[in-house]
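Coordinate inspection notes
So you can see what is in the structure, the chains are spelled out below.
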Amino acid sequence: MNPPVVPVLAELAGLLIKNAMPGVPEAERASDLGLSAALLGVAAEMWDRQAHILVEENRAIRGLLGLAGEDADLHISALKAENDRLRAALIEAQAAAETAGDTARQAAIWAELIASTERRKLSTAPV
Amino acid sequence: MAHPLEPRLAAYIAGKLPAASDLTVTALERISGGASRETYRFVLNWTEGGEARMRKLILRRDPPASLIDTERRIEFEAYRAFAGTSVPVPEMLWLEEGDEALDHPFFVAEEIAGYQASPQMLLSGAFDAVLPKVAERKWTILGEIAKADPAPLAQWMETPPPDACWKRELDHWEGLIDKDQAEPLPVTRAAIRWLRANPPPPAQKLSIVHGDYRTGNFLFDAVGEIHGILDWEMSHLGDPLEDLGWSLQPIWTFGRAGRPGGLCSQAQAVAIWERASGLTADPEALHWWILFNCVKGQGIWVGSAAAFNRGGNRAPIMIYPAWWLINAQDRAMLQVMGKL
């Protein structure tokens, strides 16, 4: 997720402390706390499945690109860095398949991209 | 407790109203949302010619960093261009482009009080009976914006040739995504490649483009009338199909699949717009502009994340669009491209 969850939670912690103090205008307090609650809800939804999503996606993209390897470091930050590297390579591969007119490869890449948006979909997403 | 901006704002307005005395700013409170500008409502009281006066006003101030960087003069002049027309807009009062008065540039406008803008409220079920009326008014007003003469704004806004509107916008938003993305965006990049390979026809006319015309940016009442079109900060001159495409892009269905703005079918919205504007929405050209607007949306969402990540604006409103909408915007692109 972008921005990453860790700095967002740190920011929300500071915001909660600020809004616990007197003197914060009521409308600003209501806005800050309402949005903070919504963000905490998203973080909670992603907490359990984020690592699974990234491992599954990295495995799928390696398969498409014919790359060996697996995720040994299961920190979210490490999985995300590998995911970024693989998705950048996938963009190159898709553009190359379009240039070459390789429709079968294009279809395989589209299938993974569709699957990736299903994995990442939030329960409250508008689409 | 009085808001610290109140005496500073009162001092500024006193300089604009030399005939006024006993001038006060009270009840200043920030309105929630406002990721691109800080928006406050306040009450101005003063005495003039021996008579006590009062107005409810709005302050729109630039934040330290925004999810979109725009010129407040352009927004100010876009509102002024439609004053007194069939496109309802609040009266613009004062524009301040310097930092001295309130630390950042700002403008002050009339508050159109007593109406709602919230999409969640409009689509809560309580307004279902008037949604057809809202849809009729929403796309009629957009048609009137498309029909309007853009000449009065040409001194403030770049005037692109009709066959260059699409490229200027796509270059702009792709450039912002290049600058702001924190992670690769394969779906978005594929959409951009398709848009460049399949350009739309030249604009049938040059129009004022609102730039963010969607449910949530107009004020409505209980009977479905629209009393104000807001948030003109992305306005520019361009292809009128751009605004129509933004209003129809799937992210603005608010979860009501197939109902742009949560209001009606796409065919109904397009028919209303064509009738009001006197223009034609060629289906292939409109498809291009809807997909383009998905890319534009992604540019805004990754821009909000970038503003947070760079530390320029750490407000929760900068995080929420990025978390909630980046993947949803990819899914919207897949829908428009017929992949989902």
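Residues numbered from 1 in each chain as written. Chains lettered and ligands numbered in written order. Predicted model: local features only at pLDDT ≥ 70, side-chain atom pairs only at ≥ 80, totals over all residues. Heavy atoms only, no water.

1. Here's the deal with the overall build of chain A
Test applied: We count a stretch as a helix when DSSP gives it H or I for four or more residues in a row; a strand needs E for two or more, and each element gets its number in order from the N terminus. Throughout, radius of gyration means the C-alpha value; the globule benchmark is 2.2 Å times the number of residues raised to the power 0.38. Relative accessible area decides the class of each residue, using a 1.4 Å probe on protein chains only: under 20% of the type maximum gives buried, over 50% gives exposed, and in between gives partly exposed. Contacts are residue-level and defined by heavy atoms, with any inter-residue pair within 4.5 Å sufficient.
Tallying secondary structure elements over chain A gives five helices and zero strands in all. When its helices and strands are written in sequence order, chain A yields α-α-α-α-α. The C-alpha radius of gyration of chain A comes to 19 Å, more than 25% above the 14 Å expected for a compact globule of 127 residues. For chain A, the spread of C-alpha atoms along the three principal axes comes to 65 × 30 × 20 Å. Taken across its 127 residues, chain A has 42% of its residues classed as buried. Intrachain contacts of chain A at a sequence separation of at least 6 include 59% that bridge at least 24 residues.

2. Things to note about the overall build of chain B
Just so we agree on the cut-off: We get accessible surface area from the Shrake-Rupley algorithm with a probe of 1.4 Å; when it comes to residues, only the shown protein chains can shield them.
Along the backbone of chain B there are 10 helices and nine strands. What you see for chain B is a C-alpha radius of gyration of 20 Å, in line with the 20 Å of a compact globule of 340 residues. By its C-alpha atoms, chain B is 65 × 45 × 40 Å across when sized along the principal axes. Considering chain B as a whole, with its 340 residues, one finds that 60% of them fall into the buried category. Carbon and sulfur atoms form 52% of the exposed surface of chain B, whose accessible area is close to 12,800 Å².

3. A look at the sheet that holds strand S1 (residues 21-30) of chain B
All names here are of chain B. Test applied: In short, DSSP must find at least two bridges between two strands for them to pair. In this analysis an axis means a line fitted to C-alpha atoms, helices contributing only their contacting stretch, and an angle means the value between N-to-C directions, from 0 to 180 degrees.
Here we have five strands laid out as an open sheet, ordered S1-S2-S3-S5-S4, and antiparallel in their pairing. Looking at strand neighbours, the two that pair on one side only are S1 and strand S4 (92-96), the edges of this open sheet. Neighbour-to-neighbour, the strand axes of this sheet turn through a mean angle of 25°, independent of strand direction. As paired strands, strand S3 (residues 51-61) and strand S5 (residues 106-110) are joined by five bridges and run antiparallel to one another. The residue bridging leucine 57 from the neighbouring strand is glutamate 110, located in S5. Along the sheet face, helix H1 (residues 5-16) touches S1, strand S2 (38-48), S3, S4 and S5 and points at about 135° away from the line of S1. In the packing of helix H2 (residues 72-81) onto the sheet, contacts are made with S3, S4 and S5, and the angle to S4 comes to roughly 165°.

4. Observations concerning a nonpolar patch on the surface
All names here are of chain A. Selection criterion: Two distance rules govern patches: like charges are joined within 9 Å, and nonpolar side chains (Val, Leu, Ile, Met, Phe, Trp, Tyr) within 5 Å, applied only to residues with over 30% relative accessible area and no salt bridge. We define a salt bridge as a side-chain nitrogen of Lys or Arg found within 4 Å of a carboxyl oxygen belonging to Asp or Glu.
A surface patch of nonpolar side chains, about 290 Å² in accessible area, is lined by Leu9, Leu16, Leu33 and Leu40. Counting only elements with at least two residues in the nonpolar patch, the list comes to helix H1 (5-20) and helix H2 (26-47). Along the chain, leucine 16 falls in helix H1.

5. Observations concerning the nonpolar core
Keep this limit in mind: Buried residues of nine kinds, namely Ala, Val, Leu, Ile, Met, Phe, Trp, Tyr and Cys, make up a nonpolar core once their side-chain atoms join them within 4.5 Å.
One finds B:Leu122, B:Trp139, B:Trp232, B:Leu244 and B:Trp273 to be the most contacted residues of the largest nonpolar core, which totals 115 residues. Within the second largest apolar cluster, 19 residues are counted, among which are B:Ala10, B:Leu23, B:Val25 and B:Phe42.

6. Examining the interface of chain B and chain A
Operational definition: Accessible area, probed at 1.4 Å, shrinks when two parts are joined; the buried area is that loss added up over both. Polar contact criterion, stated in full: a pair of N or O atoms within 3.5 Å, where within protein one must be able to donate a hydrogen and the other to accept it, and residues adjacent in sequence count only if both atoms are side-chain atoms.
Taken together, the contacts link 44 residues of chain B with 42 residues of chain A. Together chain B and chain A conceal approximately 3,800 Å² of surface at their shared face, both sides included; 68% is due to carbon and sulfur atoms. The interface formed by chain B and chain A includes four salt bridges. Close ionic contact of A:Glu98 with B:Arg193 constitutes a salt bridge, the shortest N to O distance being 2.7 Å. For the pair chain B and chain A, the number of links is 13 residue pairs in polar contact (both at pLDDT 80 or more). Counting only elements with at least two residues in the side of chain B that touches chain A, the list comes to S1, helix H6 (186-197), helix H9 (283-309) and helix H10 (316-336) of chain B.

7. Things to note about helix H3 (residues 50-65) of chain A
Heads up, the condition is: Take the residue count of a helix, subtract one, and multiply by 1.5 Å to get its expected span.
For H3(A), with 16 residues, the first-to-last C-alpha span of 22 Å sits near the 22 Å given by 1.5 Å per residue. Two residues or fewer after H3(A) comes A:Gly66, characterised by a positive phi angle close to 70°.

8. Regarding the pattern of salt bridges
In the structure shown here, the tally under the stated rule is 42 salt bridges over all chains. Between B:Arg256 and B:Asp128 there is a salt bridge; the shortest N-O distance is 3.7 Å. Here the residue B:Arg256 occupies a position in the loop between helix H7 (240-248) and helix H8 (266-277), and B:Asp128 occupies one in the loop between helix H3 (119-122) and helix H4 (131-147), the gap between them amounting to 128 residues. When its relative accessible area of 40% is taken as the criterion, B:Asp128 is described as partly exposed. Counted as one network, the salt bridges with shared partners bring together A:Glu56, A:Glu57, A:Arg87, A:Glu112, A:Arg119 and A:Arg120.

9. Focus: the packing of H2(A) against H10(B)
For clarity, the threshold we go by: What makes a crossing left-handed is the near helix being turned counterclockwise from the far one by less than a right angle; a clockwise turn instead makes it right-handed. Note that Gly is not counted as nonpolar here; it falls among the polar residues with everything else outside the nonpolar set of Ala, Val, Leu, Ile, Met, Phe, Trp, Tyr, Cys and Pro and the charged set of Asp, Glu, Lys and Arg.
Taken N-terminus to C-terminus, the directions of H2(A) and H10(B) make an angle of 35°; their axes are 10 Å apart at the nearest point. Regarding H2(A) and H10(B), the two cross each other, and that crossing is left-handed. Residues A:Asp32, A:Leu35, A:Ser36, A:Ala38, A:Leu39, A:Val42 and A:Ala43 of H2(A) form the contact with H10(B), whose participating residues are B:Pro316, B:Ile317, B:Ile319, B:Tyr320 and B:Trp323. Residues belonging to the contact of H2(A) with H10(B) are distributed by class as follows: 10 nonpolar, one polar and one charged.

10. Concerning the packing of aromatic side chains
In this description, a pair of aromatic rings is defined by centroid distance and the angle of the planes. All names here are of chain B. Threshold: Ring pairs shown here join Phe, Tyr and Trp side chains whose ring centres sit within 6.5 Å, with only the six-membered ring taken for Trp; geometry is labelled stacked below 30 degrees between planes, edge-to-face above 60, and tilted in between. Cation placement over rings: the criterion is NZ of Lys or CZ of Arg within 6 Å of the ring centroid and within 35° of the ring normal.
Taken as a whole and judged by the stated rule, the model has 15 aromatic pairs over all chains. Arranged with centres 6.1 Å apart and planes meeting at 55°, the rings of tyrosine 79 and tryptophan 232 form a pair that is tilted. You can see tyrosine 79 sitting in helix H2 and its partner tryptophan 232 sitting in the loop between strand S8 (226-229) and strand S9 (236-238), a full 153 residues away along the chain. One aromatic cluster is present, built from ring pairs that chain together Phe76, Tyr79, Phe82, Phe107 and Trp232. Lying over the aromatic face of tryptophan 246, lysine 296 brings its terminal NZ or CZ to 4.9 Å of the ring centre.

11. A closer look at the pairing of S8(B)
Residue and element names in this part refer to chain B. Pairing geometry for strand S7 (residues 218-220) and S8, over three bridges, is antiparallel. Its bridge partner lying in S8, phenylalanine 218 is registered against isoleucine 229. Linking S7 to S8, which pair antiparallel, is a turn of five residues; within it glycine 224 sits at a positive phi near 90°.

12. A few points about the side chain of B:Arg214
All names here are of chain B. Following the sequence through the fold, arginine 214 ends up in the loop between strand S6 (207-209) and S7. Among the residues examined, arginine 214 registers a relative accessible area of 17% and is labelled buried. Within the structure, the side chain of arginine 214 is placed 3.2 Å from the side chain of aspartate 212, a separation counted as a polar contact. Not counting the four nearest positions on each side in its chain, arginine 214 is found in contact with Lys138, Trp246, Trp252 and Phe254.

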